[in-house]
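Architecture at a glance
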Amino acid sequence: MNVNKRDGREAVGQRAPRSGGRTAAQRTTRGDKPADLAGRQGETRARGAREFPVQGNAALRPAEKVADTTAARPRLRVAPPAPVRVPRAPFAALIVVLVVGGVLGILAVNTKINENAFKLQQLQQQQSRLDVDEQQLNKQIEEARAPGNLTAEARKLGLVEAGEPAYIRLPDGRMIGVPQPADGQPAITSQQGNGG
């Protein structure tokens, strides 16, 4: 059984189209007339298939539709905005003022930092001198607190060692112990011993 008979076509020498393809009779060539093309396009569209021009077995790029410009309205396009002229002198002056202000600000900050560094160095030197003075004064205080030095200083002031002390009990005013005056001799270098 012939393939063409099975499809119900009686064309001799034609092969069955491939899936989505066209038969040789449907293919267009360069020598086709526009009337033939229009008739074939109507048939193809009636069957729901798309028509592509071919040359031999190769498909050609579809022809682009050319719009009819004579009957169409004129195309509207966006007009460019009106040029805006900005005066350059104020902008340049602003940039110069910003640059000069920034440089002067940085210079002022650096000057202040250096000034504070000198003050800090002077204060650190003063602090180290005061630390040395404090250590010397603490040493003198420790020497004056020594028991031997306390006794010598007390004797210089005319103080003498006391005997047993007496106590007064506050709730009832009773005296515990017998009070006695100190009987030690003042030092020779004391102010009392010199009659002062």
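Calculation rules
- Residues numbered from 1 in each chain as written.
- Predicted model: local features only at pLDDT ≥ 70, side-chain atom pairs only at ≥ 80, totals over all residues.
- Heavy atoms only, no water.
- Helix = DSSP H or I, 4+ residues; strand = E, 2+ residues; numbered from the N terminus.
- Buried < 20%, exposed > 50% of the residue type's maximum accessible area, 1.4 Å probe, protein only.
- Contact = heavy atoms within 4.5 Å.
- Areas by Shrake-Rupley, 256 points an atom, 1.4 Å probe, with all protein chains shown as cover.
- Axes fitted to C-alpha atoms, helices over the stretch in contact; angles between N-to-C directions.
- Parallel < 35°, antiparallel > 145°, perpendicular 65-115°, else oblique.
- Salt bridge = Lys/Arg side-chain N within 4 Å of Asp/Glu carboxyl O.
- Patch = residues over 30% accessible without salt bridge, like charges linked within 9 Å, V, L, I, M, F, W, Y side chains within 5 Å.

**Side note on the overall build of the chain**
- From N to C terminus, the chain includes 4 helices and 4 strands.
- Listed N to C, the secondary structure of the chain is α-α-β-β-α-α-β-β in terms of helices and strands.
- The buried share among the 196 residues of the chain stands at 5%.
- Across the chain, contacts joining residues at least 24 apart in sequence account for 34% of those joining residues at least 6 apart.
- Counting every atom, the chain has about 18200 Å² of accessible surface; 58% of that belongs to carbon and sulfur.

**Section: the environment of V178**
- Mapped onto the elements, V178 comes out in the segment after β4 (175-176).
- Note on V178: relative accessible area 61%, which makes it exposed.
- Considered as a pair, V178 and P165 are 13 residues apart in the sequence and their alpha carbons are 7.6 Å apart.
- In this structure, V178 is in contact with E164 and A166, ignoring residues within four places of it in sequence.

**Examining the environment of P181**
- Looking at where P181 falls in the secondary structure, it is placed in the segment after β4.
- C-alpha of P181 to C-alpha of P165: the two residues are 16 residues apart in sequence and 9.5 Å apart in space.

**Re the packing of helix α3 (residues 88-145) against helix α4 (residues 147-156)**
- In contact at an axis separation of 5 Å, α3 and α4 are set at 75° when each is read in the N-to-C sense. What the angle tells us is that α3 and α4 run roughly perpendicular. Contact residues: α3 offers E143, A144 and R145, while α4 offers P147, N149 and L150.

**Some details on the pattern of salt bridges**
- For the coordinates displayed, the defined rule picks out 4 salt bridges.
- Residues E142 and R145 are paired through a salt bridge, measuring 3.7 Å at the closest nitrogen-oxygen approach. Taken together, the positions of E142 and R145, both in helix α3 and 3 residues apart, correspond to about one turn of that helix.

**Focus: a nonpolar patch on the surface**
- Taken together, the side chains of F91, L94, I95, L98, V99 and V103 present a nonpolar region at the surface, about 590 Å² in accessible area.
- When you line up the elements, L94 lands in helix α3.
- Assessed through its relative accessible area of 46%, L94 is described here as partly exposed.

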